[in-house]
Amino acid sequence: MVKHRNARLRLFGLLWLAGMAGVISLVLVPLPLLPEGAPPAAVVRLLVLVQPTVLLSVAVLIGVLLAHRLELMAPGAEALAAGRSWQKAMVPQLLPGVVGGLISGAMLTAIALLSRPLLPPAYGAAEPTPLLVRFLYGGITEEILIRWGLMTLLVWLGWQFGQQRQGKPQIRWVVVAIAVSSLLFAVGHLPAAIALELPLTPALLGFLLIQNSLFAVVAGYLFWRYGLESAMIAHLTVHAVLALIG
């Protein structure tokens, strides 16, 4: 029992540190022009890190407490926390993650090209998010927040109240969890567009929601079938594809 508890504590620490790398990378995102009388930029940057740090801590805790009951896994991190070979645990996740990322990258690129004539010019002129932020926060932290935390919680709610904790979670609850978490993942990208003062036209709103939710469905499936790191690999691959094409 003690050994199991220690492994879970180490798992929490590993995932929290991995997620915090992405949170800290947010300091690279340029701040909007601060109004007169606003706190100093250094204070504003510190405040910007508080909310994602709290959300990350909650998401990691949810996953550590609930994921194993639902047969949801972070195989590489769990192996490392238990003192097993994390490389061996990662092997089954590599190919699905890369393939999922390449397919998603091609799909998102096609959507972007088809949508370009409909989007406001300000969208194309907006300063892109630094690549390191896209890799660390997008590829790692967002997966911990959305898949490990939110999706796990949604599957648990279906299992807990929809089937009274009997047997494995039914596929319908997994599908609902993937759909809801994917929509919330997409909606979560809207504040960034607002911060950039982009006009949220119906075309831009639809583009952001469709593009992000479609990838989130892929990532949710990978998390369910292969593990958290597979979803991370897919997310990292998507950003690599988009960076190379862009």
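In this report, the structure presented in the accompanying data block is examined.

What counts, and where the lines are drawn
Residues numbered from 1 in each chain as written. Predicted model: local features only at pLDDT ≥ 70, side-chain atom pairs only at ≥ 80, totals over all residues. Heavy atoms only, no water. Helix = DSSP H or I, 4+ residues; strand = E, 2+ residues; numbered from the N terminus. Rg over C-alpha atoms; globule rule 2.2 N^0.38 Å. Buried < 20%, exposed > 50% of the residue type's maximum accessible area, 1.4 Å probe, protein only. Axes fitted to C-alpha atoms, helices over the stretch in contact; angles between N-to-C directions. Parallel < 35°, antiparallel > 145°, perpendicular 65-115°, else oblique. Contact = heavy atoms within 4.5 Å. Nonpolar A, V, L, I, M, F, W, Y, C, P; charged D, E, K, R; others polar.

1. Points about the overall build of the protein chain
And step 1. In terms of helices and strands, the protein chain carries 10 helices and 0 strands.
And step 2. For the protein chain, the sequential pattern of α-helices and β-strands runs α-α-α-α-α-α-α-α-α-α.
And step 3. Taking 18 Å as the expected radius of gyration for a compact globule of 246 residues, we find that the protein chain reaches 19 Å, a close match to that expectation.
And step 4. Here the C-alpha coordinates of the protein chain stretch approximately 55 × 40 × 35 Å along the principal axes.
And step 5. Burial status across the protein chain gives 41% buried among its 246 residues.

2. What to know about the packing of helix α4 (residues 86–115) against helix α9 (residues 202–225)
A packed helix pair is summarised by two numbers, namely the angle formed by the two axes and the spacing between the axes.
And step 1. Two elements in contact, α4 and α9, have axes whose closest approach is 10 Å; the angle formed by their N-to-C orientations is 170°. Here α4 is positioned roughly antiparallel relative to α9, judged by the angle of their axes. Between α4 and α9, the residues in contact are Pro96, Gly97, Gly100, Ser104, Met107, Leu108, Ile111, Ala112 and Ser115 and Phe207, Ile210, Gln211, Leu214, Phe215, Val218 and Leu222, respectively.
And step 2. Broken down by class, the residue content of the contact of α4 with α9 amounts to 11 nonpolar, 5 polar and no charged.

3. Here's the deal with unusual backbone geometry
And step 1. Even without being a glycine, glutamate 71 presents a positive backbone phi close to 60°.
And step 2. Structurally, the position occupied by glutamate 71 is in the loop between α2 (41–66) and α3 (75–82).
And step 3. Residue glutamine 164 is not a glycine yet carries a positive backbone phi of 50°.
And step 4. Summarising the element assignment, glutamine 164 is placed in the loop between α6 (131–162) and α7 (171–187).

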